[in-house]
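Observations on the three-dimensional arrangement
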Amino acid sequence: MAQETTMERRAYLAAVGAATAALAGCTSNGGSDGGNDGGNDGGSGGNDGGSQNEDTPTEDALPEKVVIGSDIPYRPFEYETAAGELKGFDVDIARSVFDEQLGVESEFEKTSFDTIIASLNQGNFRVIMSAMTITEERAEKVDFSDPYFSAYQTIIVRTGSPIDSKEDLRGKTVGVQKGTTGLAAAEELKAEFDGNLELKKYDQITGAFDALLNGQVDAVINDNTVNAEFVNNEDGARFVEGEGAAAEQGQDAPPYLTLSVENYGIAFRKDDDAFRKKVNEALAAIKESGTYDEIYAKYFSG
């Protein structure tokens, strides 16, 4: 926003809701990064809690248990409470899809996002559910479910920052999470600025947020919903406002600058078509029943 008083803080999450409301009841629409990227082939040691302990389904059978690789924390999609309880939009969607619709016990496994695809393909877990943006590059290594969420790459800065536009970032330092579409958006911006942009990469988005508040970076580029969660709970940060990719694509743009429009999907290994089909059917069922809307409202409304 150009001025701190342009929008009350609670309006950000309401704007997030408006931006993705078209998803409800729709099986073919939906999108840093965490949009997280996870396309690194460098491998991840993972752990022994993955697919080694699962039953491999036939065309008609389902496993008794599915282990889900996820980068935690990435609030509000997946995070732990002070008591150690796992919560989040992805967590609730997973429980509705796997446990309730398919009758398959689901378990989340913490893993680093920049090696999450390699870890999936090494068999450390069955699927990835981690606010993962569907991209052509990732689709060469994994198969995706139907989209289940839409997101935008956005810019946040400190409350008193003079940065009020994308162009104001020229010559500045931007914090991003490794392996995410937020990083990809920042790299595109750096190329647009002929290299006149410094990028600082963090293992988790919380590191970038801390760096912003501590003055170690001038801005953070990341998914709108995760940025909104931070902005609405932190007096020292705000969105950069303006029109962008969403408006250019004719969408009902949120009241802050959007660098890209993205869809999230559940990622599967390339040989898991039968299971992926059943998951798509379950996703469609929770949208049709209204369960998706209830979960969405829990995390993104008001």
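On a predicted model such as this, the values are computed, not experimentally measured, just so you know. (Residues numbered from 1 in each chain as written. Predicted model: local features only at pLDDT ≥ 70, side-chain atom pairs only at ≥ 80, totals over all residues. Heavy atoms only, no water.)

This brings us to the overall build of the chain. Looking only at helices and strands, the chain has 10 helices and 13 strands in total. Classification of the 302 residues of the chain by burial places 55% in the buried group. Here the chain has roughly 12300 Å² of accessible surface; of this, 41% comes from carbon and sulfur atoms. (Helix = DSSP H or I, 4+ residues; strand = E, 2+ residues; numbered from the N terminus. Buried < 20%, exposed > 50% of the residue type's maximum accessible area, 1.4 Å probe, protein only. Areas by Shrake-Rupley, 256 points an atom, 1.4 Å probe, with all protein chains shown as cover.)

Once that is clear, we can look at the confidence of the model for the chain. The predicted model of the chain averages 84 in pLDDT, with 79% of residues at 70 or higher. Per-residue pLDDT stays below 50 along residues 1-34; that stretch engages in 111 contacts with residues further than four places along the chain or on separate chains. Predicted confidence for residues 37-58 stays below pLDDT 50, and this span has 61 contacts to residues more than four positions away or in other chains. (pLDDT = per-residue confidence, 0-100. Contact = heavy atoms within 4.5 Å.)

Right, let's get into the environment of Ala 131. Along the polypeptide, Ala 131 turns up in the loop between strand E5 (127-128) and helix H4 (136-139). Taking relative accessible area as the criterion, Ala 131 reaches 0% and is therefore assigned buried.

The side chains of a regular strand alternate, residue by residue, between the two faces of the sheet. Pairing between strand E8 (residues 173-177) and strand E9 (residues 198-202): 5 bridges, direction parallel. Residue pairing across strands places Val 176 opposite Lys 201, the latter belonging to E9. Each parallel crossover has a hand, and for E8 linked through helix H5 (residues 181-192) to E9 it is right-handed. (Pairing = 2+ DSSP bridges. Right-handed = clockwise from strand over helix to strand, strands pointing away.)

Attention now moves to the pattern of salt bridges. All told, the structure shown has 12 salt bridges when counted by the stated rule. Here Lys 166 makes a salt bridge to Glu 192, at a shortest N to O gap of 3.3 Å. With Lys 166 in the loop between strand E7 (149-158) and E8 and Glu 192 in helix H5, the pair connects residues that are 26 residues apart, well separated along the chain. For Lys 166, a relative accessible area of 29% corresponds to the partly exposed category. (Salt bridge = Lys/Arg side-chain N within 4 Å of Asp/Glu carboxyl O.)

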